[in-house]
Each structure stands twice: as structure tokens, then as C-alpha cells.
Amino acid sequence: MLDDPITAGTQPGTAEATAHQDACAQTINAIRLAAVIGDRPAPGFPCSSDLSTAPLAAVPEVRPPEDDMLLLTSRAAQAMDQAIHALLSKASMGMSPISLTLAWSDWLLHLAVSPGRLGTLAQLAAQLVHTSTQAQLGALDNSAAQQPAEVDDRFGDPLWRRWPFEQIRSGFLASSAWWKQASLVDGMARHNAHLVEFFTRQWLDALSPANWPATNPQVLTATLASGGQNLLNGGRLLVRDLVEQQARRGEQPPGTLSPLPFAVGTDVAVTPGKVVFRNHLIELIRYESTTATVHPEPVLIVPSCIMKYYILDLSPRNSMVRHLVDQGHVVYMISWRNPDVSDRDLGMHDYLHSGVMAAMAAIQAGSGADYIHAVGYCLGGTFLAIVAAALGGHDCSSDARSRTGGVCAVCGCGLPKFRSVTLLATLTDFTEPGELGVFIDDDQLRTLREEMAHTGFLSGRQMAGSFQFLNSRDLIWARNVRRYLLGQDSKPNDLMSWNTDVTRLPERMHSEYLQSLYLNNALAAGRYRVGNTAVALGDIQAPLFVVGTARDHVAPWRSVYKIHLLTDTHITFVLASGGHNAGIVSEPGHPHRSYQIASMEHGHRWVDPEEWAAQVPLHQGSWWEAWQAWLVQRSGPRVAATPIPADTVIGEAPGQYVHVRYAD
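Structure report, in brief. (Residues numbered from 1 in each chain as written. Predicted model: local features only at pLDDT ≥ 70, side-chain atom pairs only at ≥ 80, totals over all residues. Heavy atoms only, no water.)

Regarding the nonpolar core
Core analysis: the biggest nonpolar cluster contains 96 residues, and L300, F383, F418 and Y528 have the highest contact counts within it. It is helix α12 (residues 379-392) that contributes the most residues to this core, 10 residues altogether. Look past the residues within four positions of L300 in its chain and what remains in contact with it is L284, Y332, I334, V356, A359, M360, I363, I372, H373, A374 and V375. (Core = buried A, V, L, I, M, F, W, Y, C linked by side-chain atoms within 4.5 Å. Buried < 20%, exposed > 50% of the residue type's maximum accessible area, 1.4 Å probe, protein only. Helix = DSSP H or I, 4+ residues; strand = E, 2+ residues; numbered from the N terminus. Contact = heavy atoms within 4.5 Å.)

Shown next as C-alpha cells:
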């Protein structure tokens, strides 16, 4: 048996050893917990060595008893600090209370020493009171003709034009306008200003008169008309939701989870196909061809590991996979493993090598294709961009291979080349990540790392809550009004069902992703490393088709557009209507869909995104059809379709990994 490092500096059987072991016994659990957390190096760039996997008992160093006690005290103190941080984080909605306090202090101190700004705000308050009073008097005189001063879906019903609700509405909007201006103070740190603006908006959205039954005319009217039945229905829905939420707390076997409204493999993810490759991280699905001839270049889709892949294979009517297959493409899809605690040390390099590159190698081994069209969505697009940059700038010469025993350390050799790369709602420059930026700074990441150190992963519930928080007006408050005050039980659809099928992220991968990309912007700066080599997006040689969506809270389209600054290849850029999900799942025939599209060739000059949006014409309909035409232009002559080789088949689509669910 190996010596325990806590007692390795004492001799067994001696009084000194006995006293020392007694002193250690009361806090040994704290040491072990701190060892799991504290000995783990701060995640940095991918492929950095991770010494945390060595077991604590294997440490060979022998220390004197006083050194052991010092180590004991240090570890216990660290465990205590982390426990306090966890409690404070829960009290501040999972965010770092220090970051929030610094942000509000920054705002308050700058406002306190700005008498001119205070005077301007006082003048604005008087002006808003006057304007609101005039509007209220006008509403009394002619409430039916009174038009809203601004477009706001919360107050779109005509009942809000009547007294006294017009007065309530206009007063709230005036107060909101004042607070939005008050949150803007010169001299604040940029991140602090973003935090204050964001939480001011969250606070105002929570206080909206539309959220409360006594001040919402739609709720009052429905209550009178139904004799209060809407509130009874809402109460039942609230109790049902609370019971389900309580049932989801803690670990549950997959068989005890409530079934999804749309069953995977039965209602969604039903495009016929086979699993043709599997490793610890991915399953690779090849879909069966539906046309007699196909384009020779397979299409590899890399979805985000933050979500289940079948958002791109929902119902047959809105499945991107089925659309591509019906257009004569041989389509492969990566299905990511939903990780558990044993996967805590999976890093970014695993997702690149065992994920994207392993799928590319399997495609070439199974089909013999030398070229592929690759498609990446959200974080999957970031993975794909990194791989395309690494392979595009990589010299896979015999000299390079000889240094690693004949096999290339970057790509492993034998990978197909990219005929084209499509990036859907994908960030490659993270300097302006939009609302997600409120969750990302050094202290926030420390808080997150401490939380994940206990679990080994970021839970799906945490991730879903973060995304809801970004758009709380629609996803929380408007939903609560419809559900609990109006008593309307929303009818589920395939996208809503998919949205509840959440996934986890491994501790190490998530830390590396946030630290290196969001916090340090390493990819755009050319500092991100694959293997031992830094990669630059300027090395991407394949033509790019890039899609941003107009109302994206996760990947703002202006940030997506910055890939024009980072690459020097053909780029066709699309700005689609909708948000991060609905703007991508935009099948032909979907009503109220539109897009703008324009191309820039190698050596193009820079065009500002606002200028681009102003001069590019708007097209009605789905951008999928324009994308299909773009792919065809970059594909070879069609060839006869062939069945999936039987010797490559592991199982039926949608595979096993997509069915893994957790209660958290």
C-alpha cells in the first residue's frame, strides 16, 4: 500500500505519529475535497498538460509533520472559502457576488462624482413626467384613438389603451426610459457597464405591470369573463410545474424521467440512417440516400455539444438533414455523448481530435471521399473553424510526419480536404459575445470552476437557465403570464420538446472553452493551439458560407460577421430573420422568413456590418435554397448513389448517445 501523503512524514507507532494522525482525522474530508478542487490547474489553452489526474496518494514527496499541518490548514481554508463562495453564488443566481458588487459600486461611484450627469437625469425625469402626463390626459379624452409611443409586445393589446391602464403603461415606460439612461455613466469599466445595463433591464422586466394580475387588463378581463377559471387553471399548472421541478432535483435514473413530448427516434430525429462509427465521445450517423444520384462530396454536420444534434433533424417537414438528403447529398451527422462525471477531464482537444477529426477520418475510411462539405452550428461551428484553420495551415510533409513516427501529430493524416465550410450562428471572434458576456470575467469563471469541481460538469439545467436569463422577458415573464395568470397551457412543438432535452458539458472542456476563447479571444488573436501549433483563421483555404441571425442572443450577427476580418477566402454571408434556433431551422415554405445574402471574394475590402445590412437587398423565404445552390456550385458531377456498406453499420439512427438524459 502506498503511504498517504498526509502522514508520510511521520514514523508509524510513535507518539508523534499518533498525535499527528489524530490532528488530521477531523479535517481529512476537507483535505480530500480541496485536493480535488485546489490541485487542479487553472484551465488554459487546449492541449496543456493536466497534472490533476495523478492520484493524491501517489505523491512521492515526504514532508515533516509541521509541513503536513501547514498543508492541512491551507487545504482546509481553501475548502472553507469555496464553500462560502458556493453559498454566495447561489444567493446571487449562480453569478459571482464580487463581480456584481464591483459593477454596481463602479456605477454608483462614477454617478456620485458626476453632478452634471445627475442634473441631466433630473431634467430627463421632469421631461418624462410631463410627457407621460400629457399622454395620460390624451388617453382620457380619446382612449380609442391613442396610439402607443413605442412598440412593445407586452402592451400590444388594445385594452392597454384604456384608463387607467394607459396611465400605468405610460408611467412604467417613462420610468424604464429613465433607468436605462441612468445606468449609462461615463468612465465605467466596459464589463461593469454591461452588467449594470443587463441587470437594470432584468429588474425592469420583472416589475412590468404586465406581469401582475391587478395591473394587467388582459388578466382582469379574462378573470371576469371566466369567473376566475383562468386563475384556477393557472394555479393547477403552477402546482404541476413545481412538482415536476422538485422531482427533477438530484440524480434520477433515466427511466424515471418524464418522457419528452416528442419522442426521439419516433417523432423527431426520424430521417433513416445508420450509425457507422462510435468512440467514447461521438457517434457518426450516415443517412440513407433518397435520390438515384448524389453529389460526390459528403456533407459532414458538426452540431453544438451544448445541444442535442436533432435540432437539425426535427420533424420531417423542418429537418435540415432530410432537406439535404432529398437534394442529393450524402449526409453525415455527429451525435455528441452526453457526459457524466467520469468525463470531467475531456478537454477541447478531445472534441477536436476525437470529435471532428475522428468523424472526418471515418467518412474517408467508409466512403473513400477525398473532399467533404463541412457544416458547423454554434459551438460546433467554432470547433469546425479551428479544425479548418489547423488543417489549412498545416504542412503535412514527410519531414513533419517523421518527427512523430510517421503519423502527423496535428491531423493524424488521411483526412479528407474541405470543399467548403458552412458556419451557422458561429462565433470566431469573442470580443463582443453579446449578452453572454455578462457571465464571463475572471471572478465569474473562478466561481464556475469551483461549482464544476464538485460535479465534474456543467449541468444542462444550469445551461438552460443561463439561456433563459438572456431573454427573460419572453422566456420567463411572458410565459408566466400566459401560463399562470391566463391559464393557457402551451401546446408543445418539436422545437420546444428539443429545448427541454438538455445536455451537460465536461468540467475541463467548458473551462478551457470560456477561458481561452471568451476571456482571452485566443482563436481570433492566433494564439489558440492545436497540438503544439498555434492556428490562425487566416489559414482557412476553403470557401465559407456564414449565417448570422437577426435576433441572436447567443451569437450576435455583428460578431459572427467579424469573420470577414479574420479570413482571406471567399465568404458568402447570410443575415437571416429569427433567433439563434428559429433563424437556422428555416425550412422552405415557413411563413414570415426572410434573409439578406452577399458574397465577397479573396482580397475583398472591409465593409462595415451596418453598411452591409443597409445595401444588401432583402429576400423573402428560406435561405436554405440559396445555400443549396451555393453547395451545388462547389460540388462535382453527380454519381450513382450507393447503399451504406453493411460492414460499417453499428446500429440504427438516431443511435444511443442521443437518448442519454439526466435529471439535472
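Some details on the packing of helix α6 (residues 165-182) against helix α7 (residues 190-206)
At a closest axis distance of 10 Å, the pairing of α6 and α7 adopts a crossing angle of 170 degrees. Judged by the angle between their axes, α6 and α7 are roughly antiparallel. In this structure, α6 contributes F172, S176, W179 and K180 to the contact, and α7 contributes T200, W203 and L204. Along the lines of polarity and charge, the residues of the contact of α6 with α7 split into 4 nonpolar, 2 polar and 1 charged. (Axes fitted to C-alpha atoms, helices over the stretch in contact; angles between N-to-C directions. Parallel < 35°, antiparallel > 145°, perpendicular 65-115°, else oblique. Nonpolar A, V, L, I, M, F, W, Y, C, P; charged D, E, K, R; others polar.)

A word on empty space enclosed by the protein
Empty space among the atoms can be located by rolling a probe the size of a water molecule over them. Applying the stated criterion across every chain yields a total of 1 cavity of 30 Å³ or more. In this model, the largest cavity occupies a volume close to 70 Å³. Across the lining of the largest cavity, the residue classes break down as 5 nonpolar, 3 polar and 2 charged. (1 Å grid on protein atoms, 1.4 Å probe; cavity = no way out; pocket = protein on both sides within 12 Å on 5 of 7 lines; lining within 4 Å. Points joined across faces, edges and corners; volume = space filled by probe spheres on them.)

Some words on the packing of aromatic side chains
Per the counting criterion, the structure on display carries 24 aromatic pairs. Ring centres of W104 and W107 lie 5.7 Å apart, and the angle between their planes is 90 degrees; this geometry places the pair in the edge-to-face category. Taken together, the residues span about one helical turn, with W104 and W107 both in helix α4 (residues 97-112) at a distance of 3 residues. Residue classification places W104 among the partly exposed residues on the basis of a relative accessible area of 34%. Arranged with centres 5.1 Å apart and planes meeting at 85 degrees, the rings of W178 and W179 form a pair that is edge-to-face. On the basis of relative accessibility, which here comes to 23%, the residue W178 falls in the partly exposed class. Site record: aromatic cluster; members linked through ring pairs are W557, Y561, F573, W606 and W612. Taking NZ or CZ as reference, R419 lies 4.0 Å from the ring centre of Y371, over its face. (Phe/Tyr/Trp six-rings, centres within 6.5 Å; stacked < 30°, edge-to-face > 60°. Lys NZ or Arg CZ within 6 Å of the ring centre and 35° of its normal.)

Brief notes about helix α18 (residues 507-519)
Of all 13 residues making up α18, 12 are buried, and the element is well covered by its neighbours. Taken together, the buried positions of α18 are E507, R508, M509, H510, S511, E512, Y513, L514, Q515, S516, L517 and Y518. The secondary structure elements touched by the buried residues of α18 are α11 (348-367), α12, α14 (442-455), β8 (457-458), β9 (505-506) and α19 (522-525). Looking one or two residues past α18, N521 carries a phi angle of roughly 50 degrees, positive in sign.

So, the sheet that holds strand β12 (residues 544-549)
Strand order in the open sheet formed by 11 strands is β15-β14-β13-β12-β7-β6-β4-β5-β2-β1-β17, and the pairing between neighbours is mixed. This sheet does not close on itself; its edge strands, each paired only once, are β15 (618-620) and β17 (651-652). With 4 bridges connecting them, strand β7 (residues 417-424) and β12 associate as parallel partners. When the sheet's bridge partners are listed, V421 is paired in β12 with L544. The sheet contacts of α11 involve β1 (273-278), β2 (282-287), β4 (299-302), β5 (331-336), β6 (371-377) and β7, and relative to β5 the element is tilted by about 150 degrees. (Pairing = 2+ DSSP bridges.)

In short, shape yes, function no, at least from these values alone.
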